[in-house]
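An overview of the molecular structure
Here's the letter readout for the chains.
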Amino acid sequence: MAEILLSEAEKAFIHHGVQDDLRCDGRTRLDYRPIILETGLVSNASGSARLRLANSDILVGVKVELASPLPDKPQEGRLEFFVDCSANATPEFEGRGGEDLANEICRFLQRSYASGDTINLSELSVLTGQQCWVLYVDILILECGGNLYDAVSLAVKSALYATQIPSIKVATMDGDQPELELSDDPYDTKRLNTQNIPCVVTLMKIGNHYLVDPTPEEECCSSSGIVVAVSGNKKITAVRKIGSGSLHPDSLVSMLKQTGSEVGAVVNTILMKKLLEEETLEVSQKVGFMR
Amino acid sequence: MLTSKVFLRKTKRGKVLKVVREHYLRDDLWCGSELCKKCGQENSDVLDKSPVSSSTLCAFPHYIVIDTNIVLHQIDVLESPAWKNVILLQTVLEETRKRSTNNYKKLREIMATRKDSFYVFVNEHHKDTYVERKPGESANDRNDRAIRKACSWYQTHLEESQKGTDKKKQIKVVLLTQDFKNREQACNEGIPTYKVDEYVKSLKDFPDLQEKLAASHSESNNENREPLYPEHLAPTRIMSGIKSGKLLQGVFHSSRENFLEGTVSVEGQDKSILLQGHASLNRAVDGDVVAVELLPEDKWTSPSGIVLEDQEEQDPGDEIEKEEKLLIDSTKSKDRQPTGKIVGIIRRKWRQYCGILLPSVLPEGTRHLFVPAERKIPKIRIETRQAVTLSSQKIIVAIDSWPRTSRYPLGHFVRALGNIGDKDTENEVLLLEHDVPHHSFPETVLACLPSMPWMITEEEVNRREDLRHLDICSVDPPGCTDIDDALHFRELSPNLYEIGVHIADVSHFVRPDTALDKEAANRGTTVYLVDRRIDMVPELLSSNLCSLRPDQERLAFSVIWQVTADAEIQKTRFTKSVIRSRRAFTYAEAQCNIDDSLQQNELAKSLRGLNKLAKILKKNRMDKGALQLSSPEIRFEVSTETNDPIDVISKPMLDTNSMVEEFMLLANISVADHIFKHFPECAVLRRHPVPPASNFEPFLKAGKTQGFTLDVSSNKALAASLDAAVKPDNVYMNTMLRILATRCMMQAVYFSSGTVAQVDFYHYGLAAPIYTHFTSPIRRYADLLVHRLLAVAVGADVTYTELLNRKCAQQLCNNLNYRHKMSQYAQRSSVALHTHLFFRHRVQDEDAYVLFVRQNALQVLIPKYGLEGSIYLKGNDGDSKLDFVYNPDEPSQTCGNVTIRTFDRVVVQVSLDSKYVQHQKIAVHLVHPKIAGLSVDAIEIPKTDEPRTKKLKGGK
């Protein structure tokens, strides 16, 4: 991640601000920066979302494709994540620079979606053992402005929410080859149940306090933190510690509790509310990048 | 402005793709009206400023917008000049293209020829008329909405340009559609809308147009009726059925003899599948590609053997008669064959059919039955108000649909050809029916001809071998103007002769890839009708420059052999040459010259030499197993004034006929050998497949009734057993057997040598391992191709790509085979037509022979006219039951003490059955042996009280 050079005095200032619950930009410790979200802006994809959290800019596209299910899960479809760190985001991503970060995010997403509680993969099954939908989730990081995990997870959830899976009928033939019939109406699609899809919350520990949605400067000041994936029904599906410092078990537990029961749930509900709101908006013209 | 169209597509490999196309909307598309001041178009005169309405339905000036279903179902109506100021929306064009390429092509043709009446408005790209598909809306509904949107846009757009004009004189846009829902919604939106039939009927200047309205969608009340036929399966189910082997795909052929029977020939199966009864035939029309389901084996039957014509003389309505009466249960019969039923139609092969209207009890009515000239095609129900005028005319009708509730397919009238019985009309009919291209040659083709006067240049002579010094002559039938072969003979030494066959060098004039070449390739062959010849190449070539006329220098392609006195070939060579024929003999003249020993000139001597050699050649050929088959051939003596036939003569067979034939065969075989050697991949050859044993069944059966065991194991054995099958008391019997044998044969076909294994090159009839056509390039395109190949092989010409491409060659061959077959049918029909004309004013008693004995009929052949007819065994007055006992094993029919078997000689009375003026046919009645109630009296005995003859004599 982009390293920012800070002087000791600046670090001390940030420390004190966190202590007094008044961060440099005026937020409290549990405040998020403003988020701008738009779904369905990539017409070629089955579902897409663009999310801007302060300066972090994420574009997610979901492509659905038919494939054969994995032999050990004949009744389930699957999700595949792919993160691409654009060199536009920071010069360090150039070449293979962003690969490590991309893999890290990718793995974490996979882990947080792996829990059976998050998404019902059997919804994606078309024909047991023969055909299922695979959702390829392509995540493009366009700009890095801190708190990437949260931003990516929210964008992915929104994109999946907007994903339209073509409805397909299985006209079973008496031979062994199944014939799939595609509806000719492009609006005849089904949507995934995204209610329980996890949102990721990053908690940074600065001094004795922890804060959400750290800016890059704040990330610099912290030696450790955790990234927690919280599903819609308030279950924690994945946890990961970041930073070089250590965490006391007591503070780990209290951080998990705080995020799990509080921040994660709130983020989830607000996101769902906003997505629903967007859908009912009258304006059909997409904003995209023309802003 | 940019929008995008999104749709989902399934790829062949089963992937689902989301396709997004950019779609730009514009604000500068013209409306095309002369009236409009806003669009800024120049010279737009498609949509008139003040259109005149000839419709009584909407008397106000209007433009017409048509819906897709009109283009799809009423394309023939659109051809009429009645249509003016029509706006064609892009939505309609695109939908048409998607649904029916045929109609789309036709529509484009109409648009091209009538540019001033049809305006294409690109509504899909206009910013005000583009509509996007809404959720839950079907593609069809969306298109309907787009059409309505365009209509209302036009309406407001035109209103703006004619503010201030009188309301009544304002131009409106009228939407024509057959769709009820669309009409309703258009009404709600304030667009004047009508059904196309309403509108067409209201056109007071074009009363005939409504005849052309296709019947299918005039919203008849068919839905409520009980379906008469089982339903067809959906295409996907048919496809899967065929894939899994449950259903079979094949071409449906309806039976000529029994309209309730048909067969489906499935590729890769030697026995075709039999179908019986309305339900099994299930609305298939001859030629359709259908899906068949086989019945369980215990339900298999055999062909019923009865002759059954759909003989309703009156319109039966939509009832299906009891089939039990018509089809006899033969599940117990011995020679059962696979039987099935049609469950779906894969591809319709409907075309336009020639025929006549069935006289109706209610001529003023609109629903009539149409009887196609082709017996294999079912009658067609059409709607017309002109039945009275059309009843005496030959007309063309197209099939539109065949719903389950209708006994007959529904169609519509396309055009009238002319009066029935009119020879020109009938000729036109038979040319159309057999798809013979007979239009006059277009300018582009005539431009390829050499200019007259034409001379052979010195340069050309130098390039060729000069054979002008040879005594060459031609032998042809009398009146022949396209002489394409000539012969010469000369003695080199006492035991060595030189013979030459000289063939007109048509390939010199018809160069590859010219318009002339393409036209000739399409025509494929010259068609000889009784009173007319339809040339393959323009007359200048066929009757003049290529024709090897006497005493004229002509270009030729020569095959020259050196042979011994035993007709053994020592040397063969091929060369392009210049010749001068000394004389054009007719067969009879040549024969005279040979027979008359006083004639000692060079030509007579040559002819004698040729004749001698030909006899040896023929003997050799027969020894190898060549067949001598027979089919009745006759010639009409045509009156010079009326062109009507006045007498019939059988074509005589002279020695000279077979002499010429022999040398032509020899030339063909030599050439075939040579071109195959040089072009093993792309030589154009002709093969005659060995007929499968099953083909011979009726022939063997017939032989058995006469006490002959016929051997059909090889062509040689067949030839021998045919020669042996002679009965002193029935001279014609042998000819009859040969006629039957001819019918067992396969069709000889052209092919490209690269497409067939060499063992299959065999020509069965001629017993030649390889054969082609070389000797008639004026009248056959295949010969022309062979000429080109041979010219390249002997270094006299250059190749071109298509010539050496095996695929191209095969495609050409396929067309030639088709044209060849069709021309034969056309020639046969022409003879039949003239037989008709011949019998128009006469009744004659003639000798006839029984060809087949059927369960309810005798089929007889009258050799004098080459005519075949059926004698129905049901008595003159129709109802009286005759006690005929049918013995299927022999087969024979016995009534009282008279037994009739195959090949029996009978005397029949031939006349023209003119009970209906429109539907004349040759009627054959038995005279001898006498069977009370069936036979009629001989004509020689004057019988005034016989109503039939009276009628005939009176009714001309």
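Residues numbered from 1 in each chain as written. Chains lettered and ligands numbered in written order. Predicted model: local features only at pLDDT ≥ 70, side-chain atom pairs only at ≥ 80, totals over all residues. Heavy atoms only, no water.

As annotated in an unreviewed UniProt entry, chain B carries the name Exosome complex exonuclease RRP44 and is attributed to Daphnia pulex. If you open the UniProt record of chain B and go to Subcellular location (unreviewed entry), you find "Nucleus, Nucleoplasm". As its UniProt record puts it under Sequence similarities (unreviewed entry), chain B is described as follows: "Belongs to the RNR ribonuclease family." (UniProt positions renumbered as here; feature names shortened; annotations may be inferred.)

Naming follows an unreviewed UniProt entry, where chain A appears as Ribosomal RNA-processing protein 42 of Daphnia pulex. Per UniProt, chain A carries the Sequence similarities (unreviewed entry) text "Belongs to the RNase PH family."

1. Topic: the pattern of salt bridges
Pairing between side chains of opposite charge can happen when the charged atoms of each approach one another. One pass over the structure, following the stated rule, counts 46 salt bridges over all chains. Here A:Arg52 ties to A:Asp57 by a salt bridge, and the two come within 2.8 Å at their closest N and O atoms. The pair A:Arg52 / A:Asp57 is uniform in exposure class, with both members buried. With its nearest N and O atoms 3.2 Å apart, the salt bridge here joins B:Lys576 to B:Asp505. You can see B:Lys576 sitting in strand E25 (residues 569–586) and its partner B:Asp505 sitting in the loop between strand E21 (496–504) and helix H15 (515–523), a full 71 residues away along the chain. Here the salt bridges do not stand alone but share partners, grouping A:Arg23, A:Asp25, A:Arg27, A:Arg33, A:Asp213 and A:Glu218 into one network. (Salt bridge = Lys/Arg side-chain N within 4 Å of Asp/Glu carboxyl O. Buried < 20%, exposed > 50% of the residue type's maximum accessible area, 1.4 Å probe, protein only. Helix = DSSP H or I, 4+ residues; strand = E, 2+ residues; numbered from the N terminus.)

2. As for the sheet that holds strand E7 (residues 193–194) of chain B
All names here are of chain B. Read across the sheet, 5 strands follow the order E5-E4-E3-E6-E7 without closing on themselves; strand pairing throughout is parallel. Whereas interior strands pair on both sides, the edge strands pair on one side only; in this sheet they are strand E5 (118–121) and E7. Alignment of strand E6 (residues 172–176) against E7, held across 2 bridges, turns out to be parallel. Looking at E7, one finds that leucine 176 is bridged to tyrosine 194. (Pairing = 2+ DSSP bridges.)

3. Quick look at helix H20 (residues 697–705) of chain B
Residues and elements named next belong to chain B. Within H20, burial applies to Phe699, Ala702, Gly703 and Thr705. What you see down the axis of H20 is that its buried residues fit within an arc of 160°, all on one side. Buried residues along H20 sit in contact with helix H21 (715–724) and helix H22 (732–744). Glycine 707 lies just past H20 and shows a positive phi near 85°. (Arc of directions from axis to C-beta. Contact = heavy atoms within 4.5 Å.)

4. A look at the sheet that holds strand E13 (residues 352–357) of chain B
All names here are of chain B. What the 5 strands build is a closed barrel, ordered E13-E14-E15-E17-E16; its pairing is mixed. Adjacent strand axes in the sheet meet at a mean angle of 55°, parallel and antiparallel pairs treated alike. Pairing of strand E15 (residues 380–383) with strand E17 (residues 410–419) involves 2 bridges; the strand directions are parallel. Across the sheet, the residue bridging to isoleucine 382 is glycine 411, located in E17. (Axes fitted to C-alpha atoms, helices over the stretch in contact; angles between N-to-C directions.)

5. Considerations on the interface of chain A and chain B
When the parts of a complex come together, some accessible area is lost, and that lost area is often used as the size of the interface. On the chain B side, the residues contacting the 19 residues of chain A number 19 residues. Roughly 1700 Å² is buried in total at the junction of chain A and chain B, and carbon and sulfur atoms are behind 56% of that figure. Summed over the three residues of chain A that lose the most area to chain B, namely A:Leu182, A:Pro186 and A:Tyr187, the buried surface amounts to 29% of that side. Scanning the region where chain A abuts chain B turns up 2 residue pairs in polar contact (both at pLDDT 80 or more). Elements supplying a minimum of two residues to the side of chain A that touches chain B: strand E3 (56–67) and strand E9 (179–182) of chain A. Residue classes in the side of chain A that touches chain B are distributed as 11 nonpolar, 3 polar and 5 charged. (Buried area = accessible area lost by both parts, 1.4 Å probe. Polar contact = N/O pair within 3.5 Å; in protein donor to acceptor, adjacent residues only side chain to side chain. Nonpolar A, V, L, I, M, F, W, Y, C, P; charged D, E, K, R; others polar.)

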